[in-house]
Amino acid sequence: MNNQLKLVLGMLTILIIFAFGYEYFRKETPIDSQENTAALGTLDYEPPCYQIKCKTFHIDDFDFSFQYPEYMEVIPAFFPEDNFRIAIAYTEEEANKYKNQSFGMIIISVGENDENQTAVEWMGGPYSGRDTSKKYFLTEVDGQEAVQEQGGMWTVVNTPDNQWRLSIADLTTEGKNPPFSEMRIIINSLKFTNDF
């Protein structure tokens, strides 16, 4: 009886490992694979703001919008060389609710695509600053080809006219909690609002 129980538990463990491994490799195909057609990050996530209240932020100069939880705020700032950055962070009131915890923020950077590169080409190039130890995967954002860091905390996509490059990245320093669910909401709700 003892050996039979061990055998059943062993087979059950193997099946569980196989199921998790299958799901991992089915969803996360490296960008150098020609077979990847799935939109990573959109298949298994709930629709944006399904269970929480959200606000919509529209960037008039670049014709895109996104949703973000109402307990966060958007802080826009212009930078030199035609770059535009937006920080999406917990409001002070919301952050104060969590004693002994602090939270990271999400940065959306918009830069001119003067090299006329795809998001994948830029991510693989010398100016992205990518961590070469991490894998990147093909995905889509509002129908546009994009590339996403494993784990979903950095996504790069071009506007439909290829004039601008959007980099949506997590900016969480050591000791802070990364905004995982908030990143999903922003990526899944991002829409290009002009026909270009």
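Before reading on, note that the structure itself is shown above.
Residues numbered from 1 in each chain as written. Predicted model: local features only at pLDDT ≥ 70, side-chain atom pairs only at ≥ 80, totals over all residues. Heavy atoms only, no water.

Undergrad: Would you explain the overall build of the chain in this entry?
TA: Scanning the chain from N- to C-terminus turns up four helices and 10 strands. Across the 196 residues that make up the chain, the buried fraction comes to 37%. Relative to all contacts within the chain whose residues are 6 or more apart in sequence, the contacts with residues 24 or more apart total 54%. (Helix = DSSP H or I, 4+ residues; strand = E, 2+ residues; numbered from the N terminus. Buried < 20%, exposed > 50% of the residue type's maximum accessible area, 1.4 Å probe, protein only. Contact = heavy atoms within 4.5 Å.)

Undergrad: Just to check I follow, could you spell out unusual backbone geometry for this structure?
TA: Among all residues save glycine, negative phi is the norm, and among peptide bonds the norm is trans. Located in the positive-phi region is Asp63, a residue other than glycine, with phi close to 55°. Checked against the element boundaries, Asp63 lands in the loop between strand S1 (54–59) and strand S2 (64–69). The class of Asp63 is partly exposed, set by a relative accessible area of 21%. In this structure, Asn162 takes a positive phi of about 65° despite not being glycine. For Asn162, the position within the fold is in the loop between strand S8 (154–158) and strand S9 (164–171).

Undergrad: Looking at this structure, how should I read the sheet that holds strand S10 (residues 191–192)?
TA: The sheet built from three strands is open, its strands ordered S1-S2-S10 with antiparallel pairing. Edge strands, defined here as strands with exactly one partner in the open sheet, are S1 and S10. Strand direction decides the pairing type here: S2 and S10, joined by two bridges, are antiparallel. Across the sheet, Phe64 pairs through a bridge with Phe192, a residue of S10. (Pairing = 2+ DSSP bridges.)

Undergrad: Even after reading the chapter, I still don't get the packing of aromatic side chains, so can you show me in this structure?
TA: In this description, an aromatic ring pair is defined by two values, namely the gap between the centres and the angle between the planes. If you walk through the whole model with that rule in mind, you get eight aromatic pairs. Judged by centre distance (6.1 Å) and plane angle (55°), the rings of Phe66 and Tyr68 are tilted. According to the relative accessible area criterion, Phe66 is buried, its value standing at 1%. Judged by its relative accessible area of 8%, Tyr68 falls in the buried class. One aromatic cluster in this structure is built from Tyr71, Tyr90, Tyr98 and Phe103. (Phe/Tyr/Trp six-rings, centres within 6.5 Å; stacked < 30°, edge-to-face > 60°.)

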